[in-house]
Amino acid sequence: MSILNTVMHIIDSKDVMKLKKIYFILPLLILGFIIILIVNAASNNQKQNNKNDTLINYIDYKFLFQEHELLKRSYYSLNEVNYEENKFIVYDNYNQFQDYLLRENYFDSKLANDLLMHYNEDYFTNKSVLLVEFPLRETASSYKIKTIKSDESNNLTIVIEATGYKQFMSNYFNLLIELETPLNISKIKLEFQ
Amino acid sequence: MLFVFGFFLLNTRLVYSQSSNDKKIVKDDLYLIDYSNEHRLKSDFTFSDYYSVAIWLNYPTYDEDYLVNKKEYYTNVNSFYLSIIGGLDEYDYYSSSSLPLITYSIKVLDNEAKKTINQLARFPFVDCIEINSMYNNFGLGDDFQINTTPPQFELPPDGGGSGPTTYTGAGIKVGIMELGYPDKSYLDNYFNKNINLQIRNKAEFSLSSHTTSIARLILEGAIDVSLFSAPIGGLGNFSIGFEPPPVGGGGDSNQFENIVAGIDWLIDNNVDVINLSMGSTTFSPTVDSISKIFNHVVYNEKITVIAASGNSSLEYVAQPSLAPNVVSIGSLSEDNSLSSYHSYRDPFANLPKPNLIDYDFINIYGKFETGTSCAAPRVTSVVARLMQRNSTLKSNPQLVMSLLQASAKQDFTTKHNLSFKENGFEDRYGTGRVVYEAALSALKLGYYSSFTITASNSNNSILVNKAINLTKNNPIQISLTALVPSYTEAETWDTTVISKIKIVVKDGNSNVVKQITTNYSTMYVKYTPSSSGNYTFQVILLDNKVSDVNIKYSYAYYR
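All figures in this text were calculated on a predicted structure; none of them were measured in a lab.

### Some details on the nonpolar core
Inference 1: Counting residues in each nonpolar core, the largest one holds 118 residues, and the members touching the most others are B:Met177, B:Phe294 and B:Leu386.
Inference 2: Considering every element that reaches this core, the biggest residue donor is helix α10 (residues 372–389) of chain B, with nine residues.
Inference 3: When near neighbours in sequence (up to four residues on either side) are disregarded, B:Leu386 contacts B:Leu393, B:Leu403, B:Leu404, B:Tyr436, B:Ala439, B:Leu440 and B:Leu443.
Inference 4: Counting residues in hydrophobic clusters, the runner-up holds 24 residues, among them A:Val90, A:Tyr143, A:Ile160 and A:Ile185.

Below is the structure:
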């Protein structure tokens, strides 16, 4: 018997097969252990991040949505929008906000007038408006802001509670949040509950 | 030392995945949905390339922890995988709290971006990656017009092509439960006809484009139906101008009461079919009241209920669409592909959903809108026309379900790996697209029948033995359905009395060429013969579960 055959015989023996099983299981156990450690680390890291978040005070908010008699937005289709994205801007003066209200075919005239009456020059002397625009695949009956928080990098997270029965058709929203002071915002994340 | 060894193993696994069959993850499942050739925008609009990358993860979703703590589960596991991807700003990548999904956006799909995507696709935990190319058209500062001409749904002739349209839903009563009532003047003007519409109570919110869309889609398919609208209220704290909330009480507090009262009203008016393009997708580990009620309405009142499956991006099917007696409708996009967002999973894993799919778009008030809300009313209109042809369907919702399923087609494109369930349904599209002409043909040719299973039926008895002649490559599709008993509105349905049944297709030599066995309440078989000749299909009772309440079954077939 050649040396090679002898080695192969030893490798194929049952004892070695048991060892093989151990070699197979052991790495899996180690991998599982590592995964648990990483998950815990990630979780702790997240908790640590949460501690650094700052709650943002707001005065009021309004959800406008795309409907025939409400937010018209009639030049815009919902077919091409990116449902994972939102856009935002902070208005801290009356002239800027007028640009928003004067978007062509965007508002029902009564709604635009109501907005104009509410967000007038006096309003912008000591307050500002954060506008967030976003699409959703479904429209709940009611939306409420639960919290707004910001991290050290000015990333804003808005937690929104959706309640009631939903209609299963896409919709486009304008969320107007009234702020006492303008915010410096890098990105906005909307969390729906 | 162990750590070093562990990381070595991890790295080895990744390298292995690149050089083995796992490459299929990249090759087969990485695809690009590119809308840029559709020219929906004005020619003078300058758009920027803008892509969203959706990374779908393949971790399990059906364990108990998931059912109880779905949000925490997804948040933790997604965060974990993000940490493996490594070195990424939390806000560069969006980690879903309700789906096995991580997304991020890129400005230009250049070689560097493609390289990153290919690297991501090689991670073993990545199921597939979707790249959506789209215009950056959210409306902030962009000045453009949509120039879209989406295909419009038209009342199809009875026999397809340019044949006559005999059945238009005349004499059929269709109930719709919606947020507000349809604007009758709009519908009258749109169809140039005095639409037959009755409203239970006039919602203060005078017009809902969603409600109008549903009514219009039903009428486009079946212009002569009588519509009965039962508004459920809602739209509570949307700011509509700066007026008080439009519905008494505001918000959702009285929605459920309105639903119950609306159902009573629809039953009192003897509606034949109810369309639901609404529902609840708020996950709970129990069946909710709206599902129980509608399942009971189907079982007890023999009213067919058609419900949208929901748009929660591969999330669980909505309630009440998940109820076994409710015909759940998923959706097809205008390009004839399975929509990427319709809900399709049954959270209780007892029943396959949706049952069927249909197109899901409408161009209304100059806007192109989509969602399973628009798919359901198309099916409702088909049902109304079939009911006009044969009034037997009015009191046999299980026959309606079987007929639609047996005549469905799979003439659309999909990008997922097909997965067929025990009862013959495909995981995401059920039995396929609803085809009115095919269903009408089966109805006219008498390709349907019913039987009842009682406690005295013995196991292994043959309940149906049907001889049929098939031609080569022309499939036969068979569907069998029973209504699952639902004894009261407040109780969950009773699946324990549904028997185990087998459908067998045999060739001329009595060889079994196709069979399927299930204890689901609805099933589907498709067999494509390789040669023409005489065949037989049989329905065999394998395990009789009936005790006190007899169960009626209806089957239909189409070839």
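### Quick look at the pattern of salt bridges
Inference 1: As enumerated under the stated definition, the model contains eight salt bridges over all chains in all.
Inference 2: With its nearest N and O atoms 3.6 Å apart, the salt bridge here joins A:Glu138 to A:Lys166. Of the two residues, A:Glu138 sits in the loop between β4 (128–136) and β5 (142–150) while A:Lys166 sits in strand β7 (residues 166–167), which places them 28 residues apart along the sequence.
Inference 3: Given the relative accessible area of 8%, A:Glu138 is considered buried.
Inference 4: Residue B:Asp543 pairs with B:Lys545 through a salt bridge whose shortest N-O separation is 3.4 Å.
Inference 5: The partly exposed category is assigned to B:Asp543, whose relative accessible area is 28%.
Inference 6: With a relative accessible area of 39%, B:Lys545 lands in the partly exposed category.

### Focus: helix α4 (residues 109–118) of chain A
All names here are of chain A.
Inference 1: For α4, the set of buried residues is Leu111, Ala112, Asp114 and Leu115. Projection of α4 onto a plane perpendicular to its axis shows the buried side chains occupying an angular sector of 160 degrees, all on one side. Residues of α4 that are exposed and point over 90 degrees away from its buried face: Ser109 and Met117.

### Details of the environment of B:Asn550
Inference 1: Positionally, B:Asn550 belongs in the loop between β22 (533–543) and β23 (551–558).
Inference 2: As a C-alpha pair, B:Asn550 and B:Lys184 span 366 residues in sequence and 44 Å in three-dimensional space.

About the thresholds
Along each chain, the written sequence defines residue order, and numbers are assigned to residues from 1. In the order they appear in the text, chains get letters beginning with A and ligands get numbers beginning with 1. At least 70 in pLDDT is required for a residue's local features to be given in this predicted model, at least 80 for side-chain atom pairs to be given and counted, and no such filter applies to totals for whole chains, interfaces and linings, which use all residues. To obtain the side-chain values, all non-hydrogen atoms of the structure were included, while hydrogens and water were left out. To form a nonpolar core, buried Ala, Val, Leu, Ile, Met, Phe, Trp, Tyr and Cys residues must be joined to one another through side-chain atoms within 4.5 Å. Think of it in three bands: with a 1.4 Å probe and only protein chains considered, a residue is buried below 20% of the maximum accessible area for its type, exposed above 50%, and partly exposed in between. A run of H or I in DSSP becomes a helix once it reaches four residues, and a run of E becomes a strand once it reaches two; helices and strands are each numbered from the N terminus. Contacts are residue-level and defined by heavy atoms, with any inter-residue pair within 4.5 Å sufficient. We define a salt bridge as a side-chain nitrogen of Lys or Arg found within 4 Å of a carboxyl oxygen belonging to Asp or Glu. What the arc measures is the spread of directions leading from the helix axis to the C-beta atoms.

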